[in-house]
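So the chains spell out like this:
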Amino acid sequence: MSDLDQLTQSLARNLKRWRNERGFTLDALAARAGVSRGMIIQIEQARTNPSVGTTVKLADALGVSITTLLDYEQGPHVRLVPPEQAVRMWSTPAGSSTTLLVGTEARGPLELWSWSLVPGEGSASDPHPQGTTELLHVTAGVLTLIVDGVEHTVPADTSAVFEASAPHTYRNDGEETVEMTMAVSIPPVR
């Protein structure tokens, strides 16, 4: 499959997913985006490659980034955010500051957790409902995050976001206690 074919399939899948998640009919999305109903049908059936302008209009109407709408990675998506990519929002000369560690476009119930894993311990989780997203930030130690069988090393001061609808495990393979903060975004019940 060519890159263009893969992008077309990804856009078709993601457009339909986000439209359904937002509860938009074809007509409602067409009206919000200023794109014809027929064009949306062709895109969702992967029969056309829309212009960048059309894709931007659809992303804006859905309230997601164009990157999110075009994302074509297969399997559970995990994004690590090293400390140098975190965004400092504001700071004062006295030393106060806020930093956006990691974000996602999920909606629905949201939970905030504090975790501590001593060396050699871990916690496995069954898949959560489709659409559940977890965000975490490691403040001490080195976390081994396993999502759908793939290991990711998450050192202190690094953040991660992933789709938690796949089996996942948090493990401490190091010699220092892992401390982390985690937020879980759960899709609303329909």
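Residues numbered from 1 in each chain as written. Predicted model: local features only at pLDDT ≥ 70, side-chain atom pairs only at ≥ 80, totals over all residues. Heavy atoms only, no water.

**With respect to the pattern of salt bridges**
- Taken as a whole, this structure holds five salt bridges when the rule is applied.
- Between Asp 27 and Arg 37 there is a salt bridge, with the nearest N and O atoms lying 3.1 Å from each other. One end of the pair, Asp 27, is in helix H2 (residues 26-33); the other, Arg 37, is in helix H3 (residues 37-44), with ten residues separating them in the sequence.
- On the basis of relative accessibility, which here comes to 48%, the residue Asp 27 falls in the partly exposed class.
- For Glu 151, the salt bridge goes to Arg 171, with nearest N and O atoms at 3.1 Å. Taken together, the residues Glu 151 in strand S8 (residues 150-155) and Arg 171 in strand S10 (residues 168-171) connect sequence positions 20 residues apart.
- For Arg 171, a relative accessible area of 25% corresponds to the partly exposed category. (Salt bridge = Lys/Arg side-chain N within 4 Å of Asp/Glu carboxyl O. Helix = DSSP H or I, 4+ residues; strand = E, 2+ residues; numbered from the N terminus. Buried < 20%, exposed > 50% of the residue type's maximum accessible area, 1.4 Å probe, protein only.)

**Regarding the sheet that holds S10**
- With respect to topology, four strands assemble into an open sheet ordered S5-S10-S7-S8, the strand pairing being antiparallel. The two strands at the open ends of the sheet, each matched to only one other strand, are strand S5 (122-125) and S8. Mean inter-strand twist for the sheet, computed between neighbouring axes without regard to direction, equals 15°.
- Taken together, the six bridges between strand S7 (residues 142-147) and S8 define a ladder with antiparallel strand orientation. Bridging from a neighbouring strand, Thr 144 pairs with Thr 153 of S8. (Pairing = 2+ DSSP bridges. Axes fitted to C-alpha atoms, helices over the stretch in contact; angles between N-to-C directions.)

**Some details on unusual backbone geometry**
- Of note in this structure, Ala 46 is not a glycine but carries a positive phi near 55°.
- Relative to the assigned elements, Ala 46 resides in the loop between H3 and helix H4 (52-62).
- For Asp 148, which is not glycine, the phi dihedral falls at a positive 55°.
- Along the chain, the position of Asp 148 falls in the loop between S7 and S8.
- Classification of Asp 148 as partly exposed rests on a relative accessible area of 45%.

**A closer look at the environment of Val 142**
- Tracing the chain through its elements places Val 142 in strand S7.
- Of the residues examined, Val 142 reaches a relative accessible area of 39% and is grouped as partly exposed.
- Residues Val 142 and Thr 158, spaced 16 residues apart in sequence, show a C-alpha to C-alpha distance of 9.4 Å.
- In contact with Val 142, not counting residues within four places along its chain, are Thr 153, Val 154, Pro 155, Arg 171, Asn 172 and Val 178. (Contact = heavy atoms within 4.5 Å.)

**Details of H2**
- Taken together, the buried positions of H2 are Leu 26, Leu 29, Ala 30 and Ala 33. Along H2, the residues classed as buried sweep out an arc of 100° about the axis, all on the same side. Those residues of H2 that are exposed and angled more than 90 degrees off the buried face are Ala 31 and Arg 32.
- Of the surrounding secondary structure, the elements contacted by the buried residues of H2 are helix H1 (3-22), H3 and H4.
- Phi turns positive one or two residues past the end of H2, at Gly 34, with a value near 70°. (Arc of directions from axis to C-beta.)

**Digging into the pairing of strand S9 (residues 159-163)**
- The buried fraction of S9 is high, at four of five residues.
- Alignment of strand S1 (residues 78-81) against S9, held across four bridges, turns out to be antiparallel. From the neighbouring strand, Leu 80 faces S9, where its bridge partner is Ala 160.
- Sheet topology places strand S6 (residues 133-140) next to S9; five bridges connect them, and they run antiparallel. The residue bridging Thr 133 from the neighbouring strand is Glu 163, located in S9.

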